[in-house]
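An overview of the molecular structure
What follows is the residue order along each chain.
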Amino acid sequence: MSVDGREDTRGDGGRVVPNYAFTAGRTRSARGADMPIEALVTATESGLAAAPGLPPESRAIIEASTGPQSLAEIGALLEVPLGVARVLVSDLAADDHLAVHLPLVGTDGRPRRELLERLLDGLRAR
Amino acid sequence: MVSVHGDHAADGGLVRAGAKAAQAELLPLKILVAGGFGVGKTTLVGALSEIPPLSTEQEMTSLSEGIDDTSAVPDKTTTTVAMDFGRVTVDDALVLYLFGTPGQSRFWFMWDELARGAVGAVILVDLRRIDECFAAVDYFENRGVPFVVALNDFPGTEGVDDDAVRDALAVPPGCPLVHVDARDGTSCTAALISLVEHALAEAA
């Protein structure tokens, strides 16, 4: 289904390999269930060193994450749903192959004031 | 400095110590772009984004039961909802993501996850189809998520009185109402600036 609810008639999204095959049947990660869609990941040195020996999807994530990538971008890159990307990223983070950079929010659940001020400065400079 | 950020850091060591200092400072932010079908959400995201808008998918599971007719595909119990999104690198550490959110009320469960921790929302309005954004105004107001109402100035909507729009949409006092050309980056950036100023005022 697309952004505004048009039905996706491809059914399985046109994938040859089903999503569950990527994650050994797991749909939830022990650690990453709450990882937000905007969480940023970067490859660690250990991840870059290990990448050549990892499965293709893990390798693709690490290679893409030499610069910061959000969970959303990882999902788009691999053409998998967000939940699948979350499982893969969490596993790589647990193995210290990826560093995860989470949003900084205050006790009210909103971004901290100093971040909003930096964002405002950055937008005004555009 | 270790790369532990925010109140998620305690939930299982997702974030590792020892990353390079430059990486440790990275901080994501997000703004939601809401509005009805065809109002220009993806156009606005594309006008601001440094990458061509991407699409991410989320599987919709049991909540869709009884709503979606899956009888034509009996083996399929989930539907996939896609969201277009874009990216704006704000400075050397802040990365802003813009998510175009599905408009229909049956996707509100997705909005809850998306709205958590968001800077706020831009509700994009086509004045010719104003009814499509009532739900979004209600949603963000009830959740206490800062928002601005952005009128996408389509041909044929010139000369509309802003106060009349405010009344029609029951836009709360203090909530900015701006005009945008969703194709124009400068115009869309101005809308984001209004939103962030409003979020700061609300946070005060």
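For clarity, every value in this text was computed on a predicted model and none was experimentally measured.

1. Re the overall build of chain B
Summing up its helical and strand segments, chain B has six helices and seven strands in all. Scanning chain B from its N terminus toward the C terminus, one meets helices and strands in the order α-β-α-β-β-β-α-β-α-β-α-β-α. In chain B, which comprises 204 residues, the proportion classed as buried is 46%.

2. A few points about the overall build of chain A
When helices and strands are tallied, chain A shows six helices and three strands. In sequence order, chain A lays out its α and β elements as α-β-α-α-β-α-α-β-α. Per-residue burial over chain A gives 48% buried out of 126 residues. Sequence-distant contacts in chain A: of pairs separated by 6 or more residues, those separated by 24 or more amount to 66%.

3. Points about the nonpolar core
Core analysis: the largest hydrophobic core is formed by 84 residues, its most contacted members being Val89 of chain A together with Ile31 and Ile123 of chain B. When residues of this core are assigned to their parent elements, the largest contribution, eight residues, is made by helix H5 (residues 82–94) of chain A.

4. Quick look at helix H4 (residues 134–143) of chain B
An α-helix turns once per 3.6 residues; consequently, residues spaced three or four apart project the same way. Residues and elements named next belong to chain B. Where H4 is concerned, the buried positions are Ala136, Val137, Tyr139 and Phe140. Looking straight down H4, one finds that the buried residues subtend no more than 165° of arc, so they occupy a single side. The inward-facing, buried residues of H4 contact strand S1 (27–34), helix H3 (108–115), strand S5 (120–125), strand S6 (147–152) and helix H5 (162–169). Once H4 finishes, Gly144 follows within two positions and takes phi at roughly 70°, a positive value.

5. Observations concerning helix H4 (residues 71–78) of chain A
All names here are of chain A. In terms of burial, H4 is largely enclosed, as six of its eight residues are buried. Looking at H4, one finds that the buried residues are Leu71, Ala72, Glu73, Ile74, Gly75 and Ala76. Of the residues flanking the end of H4, it is Glu79, one or two places downstream, whose phi is positive at about 55°.

6. Things to note about the sheet that holds strand S1 (residues 40–43) of chain A
All names here are of chain A. Here we have three strands laid out as an open sheet, ordered S2-S1-S3, and antiparallel in their pairing. Edge strands, defined here as strands with exactly one partner in the open sheet, are strand S2 (69–70) and strand S3 (98–101). Two strands pair when backbone bridges link them, and S1 and S3 are joined in this way by four bridges, in the antiparallel orientation. When the sheet's bridge partners are listed, Thr42 is paired in S3 with Ala99.

7. Quick notes on the environment of Val39 of chain B
Residues and elements named next belong to chain B. Within the secondary structure layout, Val39 lies in the loop between S1 and helix H2 (41–48). A residue is classified by how many C-beta atoms lie within 10 Å of it, and Val39, with 26 of them, is buried. With 46 residues separating them along the chain, Val39 and Phe85 place their C-alpha atoms 15 Å apart. Those residues within four positions of Val39 in sequence are excluded, and the remaining contacts are Leu124, Val125, Asp126 and Asn152.

8. Here we look at the packing of H2 of chain B against helix H6 (residues 185–203) of chain B
Packed helices, taken two at a time, are described by the angle their axes make and the gap between the axes. Residue and element names in this part refer to chain B. Axis separation between H2 and H6 bottoms out at 8 Å; the angle between their running directions is 100°. Here H6 runs roughly perpendicular to H2, going by the angle between their axes. Along its contact with H2, which presents Leu44, Ala47 and Leu48, the element H6 presents Gly185, Cys188 and Thr189. Of the residues in the contact of H2 with H6, the class split is four nonpolar, two polar and no charged.

9. Quick word on unusual backbone geometry
Look at Asp96 of chain A: it is not a glycine, yet its phi comes out positive at around 65°. Its location among the elements puts Asp96 of chain A in the loop between H5 and S3. The class of Asp96 of chain A is partly exposed, set by 17 C-beta atoms lying within 10 Å. Of note in this structure, Ala170 of chain B is not a glycine but carries a positive phi near 50°. Along the chain, the position of Ala170 of chain B falls in the loop between H5 and strand S7 (177–180).

What counts as what
Numbering of residues begins from 1 in every chain and follows the order in which that chain's sequence is written. The order in which chains are written sets their letters, starting at A; the order in which ligands are written sets their numbers, starting at 1. Side-chain atom pairs in this predicted model are given and counted only at pLDDT of 80 or more, local residue features only at pLDDT of at least 70, and totals for whole chains, interfaces and linings cover all residues. Secondary structure elements are taken from DSSP: a helix is a run of H or I of four residues or more, a strand is a run of E of two residues or more, and numbering for both begins at the N terminus. Once C-beta atoms are placed from the backbone, each residue is buried if 20 or more other C-beta atoms lie within 10 Å of its own, exposed if 12 or fewer, and partly exposed for counts between those two. In this description, any two residues whose backbone-derived C-beta atoms lie within 7 Å of each other are considered to be in contact. Among buried residues, those of type Ala, Val, Leu, Ile, Met, Phe, Trp, Tyr and Cys that are joined through C-beta atoms within 7 Å form a set called a nonpolar core. It is the directions from the helix axis to the C-beta atoms whose arc is reported. Pairing between strands requires that DSSP locate at least two bridges from one strand to the other. Lines fitted to C-alpha atoms define the axes, with helix axes restricted to the stretch in contact, and inter-axis angles between N-to-C directions lie between 0 and 180 degrees. These descriptions rest on fixed angle ranges, namely under 35 degrees for roughly parallel, over 145 for roughly antiparallel, 65 to 115 for roughly perpendicular, and the rest for oblique. Gly is put with the polar residues, along with every residue not named as nonpolar or charged; the nonpolar set is Ala, Val, Leu, Ile, Met, Phe, Trp, Tyr, Cys and Pro, and the charged set is Asp, Glu, Lys and Arg.

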